[in-house]
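Observations on the three-dimensional arrangement
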2 protein chains.
Amino acid sequence: MATIEDVAKEAKVSVATVSRVLNNKKAVKEETCKRVYRAIDKLSFEPNMSARNLRRNETRVILIVTPNITNPYYAHILAGIGDCAQEAGYSALIHNTSGNEKRVKAGLDMLKKKRADGAILFASNMDSMWIKEYADEYPIVLCSEYPAKGHVPRVSIDNYKAAQDVMEYIIGMGHIRIATISSSNKYISTALRLRAYKESLLWHNIEVHEDYIVYADADYSFMSGKEAATKILKQKNRPTAIFCISDTIALGAITAAKELGIDVPSGLSVIGFDDVDDTTMFHPYITTIAQPCYDLGRQAFRILYNCMNDGKADEVTVLPHKFIIRESSGSI
Amino acid sequence: MATIEDVAKEAKVSVATVSRVLNNKKAVKEETCKRVYRAIDKLSFEPNMSARNLRRNETRVILIVTPNITNPYYAHILAGIGDCAQEAGYSALIHNTSGNEKRVKAGLDMLKKKRADGAILFASNMDSMWIKEYADEYPIVLCSEYPAKGHVPRVSIDNYKAAQDVMEYIIGMGHIRIATISSSNKYISTALRLRAYKESLLWHNIEVHEDYIVYADADYSFMSGKEAATKILKQKNRPTAIFCISDTIALGAITAAKELGIDVPSGLSVIGFDDVDDTTMFHPYITTIAQPCYDLGRQAFRILYNCMNDGKADEVTVLPHKFIIRESSGSI
DNA sequence: GTGAAAGCGCTAACAC
DNA sequence: GTGTTAGCGCTTTCAC
């Protein structure tokens with residue numbers, strides 16, 4: 001493995017000059033420059049990143065802390081981060097936590113160890129106030145989820161507004177008996193959507209019926225969605241619409257309805273959220289809120305980049321969602 | 001940020017001793033050891049990885065080169081690699097290529113730059129012989145796909161045998177008119193499965209009918225599967241079984257059949273491959289070959305680990321697949 | 001059992 | 001425009 005010194009010797013210049021060429025400093029004569037490049041090619045030299053990082057005190061690596069890459073929602077965001085990072089000359093270190101808070105902290109310790117310059121965190125709980133401490137010391141950006149208090153740079157959609165859009169639509173279609181399938185996790189998105197559900201109902205003078213609020217798995221599984229929907233639909237005074245916290249849950253709800261002999265949408269409207277799972281593979285295509293996942297990822301990186309370089313440390317970006325009406329919903 | 005020197009001062013020992021403690025070298029008196037630990041805690045010191053890496057000439061980072069994290073098949077393998085790597089004290093750098101060969105090479109240059117100690121490659125084409133050159137110089141493991149010639153350490157299932165299992169089953173169920181939806185990519189898995197399709201037919205004295213071989217997208221999209229199946233099913237002498245190269249394609253084929261009024265499985269048997277996509281969300285549940293994705297990932301890391309440490313450089317691991325008969329197939 | 005010191009490969013301040 | 005040199009923070013001989 002050739003070093004900068006080998007290149008210097010080969011090109012008959014000093015290491016400083018090679019370094020200058022490597023870093024595109026202008027103060028090098030064209031002629032010298034060429035000689036250096038020739039030497040670099042000949043030895044097929046590549047700068048040693050550990051040495052450069054040590055000297056520069058940076059790594060050009062960002063850390064992504066995620067509970068589960070297997071989740072397509074995260075995967076799409078990751079794609080956005082990855083592309084954007086690559087364009088900016090950064091690499092992405094993936095740290096899987098399986099939702100374990102200790103492993104989240106272990107991941108963030110990589111910042112201390114200088115394994116990465118900054119981090120993007122997925123899936124933080126509403127009550128994870130300790131994140132603030134890390135964020136005060138290192139560049140950290142929260143993606144989609146964030147603690148209820150304490151300003152940490154972040155990017156997400158407006159979950160309240162999105163859920164409100166859904167509710168306005170459902171109510172506007174004449175539905176009165178409206179249920180929701182929420183989740184037993186501790187995400188702020190969950191809390192916000194549920195709050196919008198309740199407040200929209202109240203706003204329209206529709207009573208909030210506790211039997212109409214059911215909780216699925218923390219990870220939005222198809223089966224738990226199906227079970228939750230079954231529970232809802234077996235009530236004597238069953239609802240005519242269900243607002244689901246995710247598409248997979250909505251898929252489960254539609255399946256449950258089918259098994260109970262209820263037609264969607266004529267007998268039941270089902271609305272999903274995210275638009276990442278197979279919303280348009282099978283009929284009825286699902287009415288849902290589309291999140292700009294890829295862009296969420298790009299913005300997350302952009303904000304992190306600013307934190308790492310300018311030191312701006314309190315940016316909050318809210319990206320627009322899109323309400324897509326398809327086949328699984330209709331008027332009563 | 002505290003350095004090893006700060007710790008040394010605080011503990012009133014030399015940096016060498018701190019280093020010894022850090023690396024669990026036994027030659028340190030218990031008493032001294034404790035003092036050092038106390039100093040480390042007090043200063044909340046974490047060793048600087050760039051410095052350590054430079055000195056040790058290693059990074060404890062592995063590189064994962066993938067065309068697309070969004071693909072659940074890769075995502076599951078990635079989960080296996082990630083978990084296994086974390087257990088062994090390694091971090092995973094993800095490098096997305098979007099299938100672009102230049103970006104694959106750019107990724108592998110990170111090995112030269114000492115950004116990572118070794119790499120796991122996904123989705124290499126059958127004809128990418130250049131991989132061998134890299135593999136001769138750096139620890140590289142191929143996952144699932146590999147060049148047709150040249151020994152590079154790798155892990156995969158036996159695609160030929162798996163496809164053969166499927167064909168034996170289909171033929172055993174009495175089917176004669178059997179079609180296949182292959183793909184227009186250059187993967188060895190594709191070639192092997194297609195070869196097994198043809199040779200199984202031949203073996204049973206069934207003529208290979210070119211109209212029964214149709215090619216879907218390189219990335220196995222649902223739509224291209226549906227289109228391919230439609231083309232197959234509109235033939236006058238249409239087949240009674242279709243062997244699909246992926247589950248998503250199989251899902252497309254089932255949808256196509258439904259639209260043409262053909263019942264699955266009574267009018268048409270459909271078999272998939274991979275068992276990662278939604279094979280059991282909707283009826284008919286799909287008969288398919290299950291790949292041990294997570295384990296593929298774990299093994300890939302294990303092999304890479306050996307390459308990086310022992311230098312064993314030609315391990316080929318073949319993991320068992322599982323043929324799962326569900327609802328989308330039956331006797332004629 | 002512990003310390004002094006060399007050096008991993010690079011960048012950047014300073015000299016010329 | 002180019003060279004000399006001092007470190008970045010760590011590990012690892014080699015002394016003692």
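Each residue is numbered by its place in its chain's sequence as written, counting from 1. Whichever chain is written first becomes A and whichever ligand is written first becomes 1, with later ones labelled in order. Only residues with pLDDT of at least 70 are given local features in this predicted model, and only at 80 or more are side-chain atom pairs given and counted; all residues enter the totals for whole chains, interfaces and linings. Just so you know, side-chain values use all the structure's heavy atoms and leave hydrogens and water out.

**Looking at the overall build of chain A**
Helix and strand definitions here come from DSSP, where helices need a minimum of 4 consecutive H or I residues and strands a minimum of 2 consecutive E residues; each element is numbered from the N-terminal end. The secondary structure content of chain A amounts to 12 helices and 12 strands. Between the two quantities, the radius of gyration covers C-alpha atoms and the globule rule is 2.2 Å times the number of residues to the power 0.38. Its C-alpha radius of gyration of 26 Å places chain A more than 25% over the 20 Å reference for a compact globule of 332 residues. With the C-alpha coordinates of chain A rotated into their principal frame, the extents come out at 90 × 40 × 30 Å. Residue exposure (1.4 Å probe, protein chains only): buried if accessible area is under 20% of the type maximum, exposed if over 50%, otherwise partly exposed. Taking all 332 residues of chain A together, the buried fraction comes to 56%. Exposure was quantified through the Shrake-Rupley algorithm and a 1.4 Å probe, taking into account, for residues, occlusion by the shown protein chains and nothing else. Per element, the accessible surface of chain A, about 14,600 Å² overall, is 50% carbon and sulfur.

**Description of the packing of aromatic side chains**
Two rings from Phe, Tyr or Trp (for Trp, the six-membered ring) form a pair when their centres are within 6.5 Å of each other. A pair whose planes differ by under 30 degrees is stacked, one over 60 is edge-to-face, and the rest are tilted. As enumerated under the stated definition, the model contains 19 aromatic pairs over all chains in all. Taking 6.3 Å as the distance between ring centres and 70° as the angle between the ring planes, the aromatic pair formed by A:Phe282 and B:Phe222 counts as edge-to-face. In this pair, A:Phe282 sits in the loop between strand S9 (269-271) and strand S10 (288-290) while B:Phe222 sits in helix H10 (residues 222-233), so the two residues belong to two different chains. With a relative accessible area of 17%, A:Phe282 lands in the buried category. Its relative accessible area of 9% is what places B:Phe222 among the buried residues. An aromatic cluster is built from A:Phe222, A:Phe282, B:Phe222 and B:Phe282, whose rings are joined through pairwise contacts. For a Lys NZ or an Arg CZ to count as sitting over a ring, it must be within 6 Å of the ring centre and within 35 degrees of the ring normal. The cationic tip of A:Arg154 hangs over the ring face of A:Tyr146; the distance from NZ or CZ to the ring centre is 3.7 Å. A cation over an aromatic ring shows up here: B:Arg193 above the ring of B:Phe273, its NZ or CZ 3.6 Å from the ring centre.

**Remarks on the sheet that holds strand S6 (residues 178-183) of chain A**
Residues and elements named next belong to chain A. Pairing between strands is defined by DSSP: at least two bridges between the two strands are required. Within the open sheet, the 4 strands sit side by side as S7-S6-S8-S9. Their pairing is parallel. Strands at the two margins of the open sheet, each flanked by one partner only, are strand S7 (213-216) and S9. Neighbouring strand axes in the sheet, compared pairwise and without regard to direction, differ in orientation by 20° on average. Examined bridge by bridge, S6 and S7 share 4 bridges and lie parallel to one another. Bridge pairing in S7 places Ser182 opposite Tyr215. It only takes one pair of heavy atoms within 4.5 Å for two residues to be counted as in contact. In this description, a line fitted to the C-alpha atoms serves as the axis of each element, helices being fitted only across the stretch in contact, and the angle between N-to-C directions of two axes falls anywhere from 0 to 180 degrees. On top of the sheet, helix H8 (residues 159-172) reaches S6, strand S8 (241-244) and S9; it is set at about 170° to S8, its chief contact.

**Examining the interface of chain B and chain A**
Tallying the contact residues gives 42 residues for chain B and 42 residues for chain A. As a working definition, buried area equals the accessible area (1.4 Å probe) given up by two parts on being put together, with both sides summed. Sorting the residues of chain B by area buried against chain A places B:Arg115, B:Met281 and B:Phe282 first, and these three jointly supply 15% of that buried surface. In what follows, salt bridge is the name for a side-chain nitrogen of Lys or Arg lying within 4 Å of a carboxyl oxygen of Asp or Glu. In this assembly, chain B and chain A are joined by 4 salt bridges. Note that B:Glu46 and A:Lys113 form a salt bridge whose closest N and O atoms lie 3.2 Å from each other. Residues adjacent in sequence count toward polar contacts only when both atoms are side-chain atoms; beyond that, a polar contact is any pair of N or O atoms within 3.5 Å, and within protein one must be able to donate a hydrogen and the other to accept it. Here chain B is connected to chain A by 12 residue pairs in polar contact (both at pLDDT 80 or more). For the side of chain B that touches chain A, the secondary-structure elements that each account for two or more residues are helix H4 (49-56), helix H5 (72-87), strand S2 (91-96), helix H6 (101-112) and helix H11 (247-259) of chain B. Think of it as three bins: nonpolar holds Ala, Val, Leu, Ile, Met, Phe, Trp, Tyr, Cys and Pro, charged holds Asp, Glu, Lys and Arg, and polar takes everything else, Gly as well. Across the side of chain B that touches chain A, the residue classes break down as 19 nonpolar, 13 polar and 10 charged. With 3 bridges joining them, strand S2 (residues 91-96) of chain A and S2(B) adopt antiparallel strand pairing. Looking at the pairing, A:Ile94 lines up with B:Ala92 of S2(B).

**Details of the relation of the copies chain B and chain A**
A least-squares fit on C-alpha atoms brings the copies together, and the residues used are those whose pLDDT is at least 70 in both copies. With an RMSD of 0.1 Å, the fit of chain B onto chain A corresponds to turning through 180° and sliding 0.1 Å along the axis. Taken together, the rotation and translation relating the two chain copies correspond to the operation of a two-fold axis. When C-alpha distances to the rotation axis are compared across chain B, the minimum falls at B:Leu93, with a value of 2.2 Å. The overlap is high: 100% of the interface residues of chain B also sit at the interface in chain A, so the same surface is used on both sides.

**Structural notes on the environment of A:Val65**
Residues and elements named next belong to chain A. Turning to its location among the elements, Val65 is positioned in strand S1 (residues 61-66). On the basis of relative accessible area, Val65 is assigned to the buried category, the value being 2%. With 189 residues separating them along the chain, Val65 and Ile254 place their C-alpha atoms 33 Å apart. For Val65, the contacting residues outside a window of four places in its chain are His95, Thr97, Val104, Leu108, Ile120, Leu121 and Phe122.

**Some thoughts on the protein's contact with DNA strand D**
Note on terminology: near, applied to a residue and a molecule or strand, indicates that one of the residue's heavy atoms is within 4 Å of it. Around DNA strand D there are 26 residues in total, and A:Arg20, A:Lys29, A:Thr32, B:Ile4 and B:Arg55 lie nearest to it. When atoms of DNA strand D within 4 Å of the protein are split into backbone and base, the sugar-phosphate part holds 58%. In the model, a phosphate oxygen of DNA strand D is placed 3.0 Å from a nitrogen or oxygen of the B:Ser19 side chain. Measuring from a phosphate oxygen of DNA strand D, one finds a side-chain N or O atom of B:Asn23 at 3.4 Å. Elements represented by at least two residues in the surface near DNA strand D include exactly helix H2 (15-22) and helix H4 (49-56) of chain A together with helix H2 (15-22) and H4 of chain B.

**What about the sheet that holds strand S7 (residues 213-216) of chain B?**
All names here are of chain B. On the basis of which strands lie adjacent, the open sheet formed by 4 strands has the order S7-S6-S8-S9 and parallel pairing. In the strand order of this sheet, the two ends are held by S7 and strand S9 (269-271), each with one partner. The average undirected angle you get between the axes of adjacent strands in this sheet is 20°. Contacts from H10 reach strand S6 (178-183), S7 and strand S8 (241-244), with the element oriented near 150° to S6. With respect to the sheet, H11 is in contact with S6, S7, S8 and S9, its orientation differing from that of S9 by roughly 160°.

**Quick notes on the domain arrangement of chain A**
Looking at the assigned domains, one finds that chain A contains domain 1 (4-47), domain 2 (58-157 + 293-320) and domain 3 (159-291). The start and end points of each domain follow an automatic or database-based domain assignment. Centre-to-centre separation of domain 1 of chain A and domain 3 of chain A, based on C-alpha positions: 63 Å.

**Some points on the side chain of B:Asn96**
Within the secondary structure, B:Asn96 sits in strand S2. Looking at B:Asn96, its side chain comes within polar contact range of the main-chain nitrogen of B:Ser98, at 3.5 Å.

**Some words on the pairing of strand S4 (residues 140-143) of chain B**
Residue and element names in this part refer to chain B. Here S4 shows no split at all, with Ile140 and Leu142 on one side and Val141 and Cys143 on the other all buried. Alignment of strand S3 (residues 118-122) against S4, held across 4 bridges, turns out to be parallel. When the bridges of S4 are listed, Ala119 appears paired with Ile140. Since S3 and S4 lie parallel, the crossover through helix H7 (residues 131-137) that links them has a hand, and here it is right-handed. Bridge count between S4 and strand S5 (residues 154-157): 2 bridges; the pairing is parallel. The partner of Cys143 across the bridge, within S5, is Val155. When the strands point away from the viewer and the connection leading from the first strand across the helix to the second strand turns clockwise, the crossover is called right-handed.

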